[in-house]
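# An overview of the molecular structure
Take a look at the letters that make up each chain.
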Amino acid sequence: MTRLDPASLARLNAIGISVWERRPSAAVHQADDEVPVARIRLSSGEGDCLLVQRQPWAGHSSSIIDDIRACIGPERCRFGQWAMGSPAGEDAHELAERGIRHVLSFGPAPAGAWPGLVEGPGLAELTSDWQARRALWHKIRPLLGTS
């Protein structure tokens, strides 16, 4: 891919055309002793609360997800999947640029700085254990603006 000169970029920007540039591969810049960088692949939704887990969303535990979305507000929820050591997906800075303020991880989150991270139990545990649901409720309560 060739790089555009500043005048061409300015013309495209003036008519509202976004220019995409390839990101450098995370694997190329990663030293052997570094921990793989966690990223999040975005799926669906437009809100400021990102619901994320390690496995793809397959419709399992849809009842508990529907309850959580209803509690937070369906318009506020979007979905994603953790991507470990892959250049695919978004890092914390890119998520903030997209308006995401909270990341709700079902199951343990990868190491790293994720502002607004709320780590909850996995979906299987939430489905079967009322105490896990109660603990999650106490964690997400501040996101709701209620006391």
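First, a word on scope: everything that follows refers to the structure included in this document. The numbering scheme is per chain: residues are counted from 1 as the chain's sequence reads. It should be noted that, the model being predicted, local features are given only for residues of pLDDT at least 70 and side-chain atom pairs only at 80 or more, the latter also being counted only at that level, while totals for whole chains, interfaces and linings use all residues. Hydrogen atoms and water are omitted, and side-chain values are computed over all heavy atoms in the structure.

### Examining the nonpolar core
Condition: The term nonpolar core refers to a set of buried residues drawn from Ala, Val, Leu, Ile, Met, Phe, Trp, Tyr and Cys, joined through side-chain atoms within 4.5 Å. Each residue's exposure class comes from its accessible area (1.4 Å probe, protein chains only) as a fraction of the maximum for that residue type: buried when under 20%, exposed when over 50%, partly exposed otherwise. Only DSSP runs of H or I reaching four residues or more are called helices, and only runs of E reaching two or more are called strands; each is numbered from the N terminus. Pairs of residues are marked as contacts when any of their non-hydrogen atoms sit within 4.5 Å.
Of all hydrophobic cores here, the largest spans 17 residues; its most connected members are Ile-68, Leu-104, Phe-106 and Leu-126. Broken down by secondary-structure element, the contributors of at least two residues to this core are strand 2 (49–53), helix 2 (62–72), strand 3 (77–84), strand 4 (102–106), helix 4 (123–128) and helix 5 (130–140). Considering each element in turn, this core owes the most residues, four residues, to helix 2. For Ile-68, the residues in contact, after removing those within four places along its chain, are Leu-51, Leu-104, Phe-106, Leu-126 and Leu-136.

### So, the state of the cysteines
Quick reminder of the rule: By disulfide we mean two sulfur atoms from cysteines, separated by a distance within 2.5 Å.
What the rule picks out here adds up to zero disulfides. Cysteine Cys-49 remains unbridged, with the sulfur of Cys-77 as its closest cysteine sulfur at 5.8 Å. Classification of Cys-49 by relative accessible area gives buried; the value is 2%.

### Re the sheet that holds strand 2
Applicable threshold: Strands are treated as partners if at least two bridges between them are detected by DSSP. Note on definitions: angles span 0 to 180 degrees between N-to-C directions of axes, and those axes are lines fitted to C-alpha atoms, for helices only across the stretch in contact.
Strand order in this open sheet of five strands is 1-3-2-4-5, and the pairing throughout is mixed. Two strands bound the open sheet, and with one partner strand each, they are strand 1 (38–45) and strand 5 (117–120). Going across the sheet, the axis of each strand differs from the next one's by a mean of 30°, ignoring polarity. Here four bridges tie strand 2 to strand 4, and the two strands are oriented parallel to one another. Residue pairing across strands places Leu-50 opposite Val-103, the latter belonging to strand 4. Taken strand by strand, helix 5 contacts strand 4 and strand 5, and its axis lies near 175° from that of strand 5.

### Digging into the packing of aromatic side chains
The condition is simple: Pairing of aromatic rings covers Phe, Tyr and Trp, the last through its six-membered ring, and needs centres within 6.5 Å; plane angles under 30 degrees mean stacked, over 60 mean edge-to-face, and all others mean tilted.
Using the criterion set out here, one finds one aromatic pair in the structure. Seen from their ring centres, Trp-82 and Trp-114 are 5.1 Å apart, and the 80° between their planes marks the pair as edge-to-face. Here the residue Trp-82 occupies a position in strand 3, and Trp-114 occupies one in the loop between strand 4 and strand 5, the gap between them amounting to 32 residues. Here Trp-82 matches Trp-114 in class, with each residue buried.

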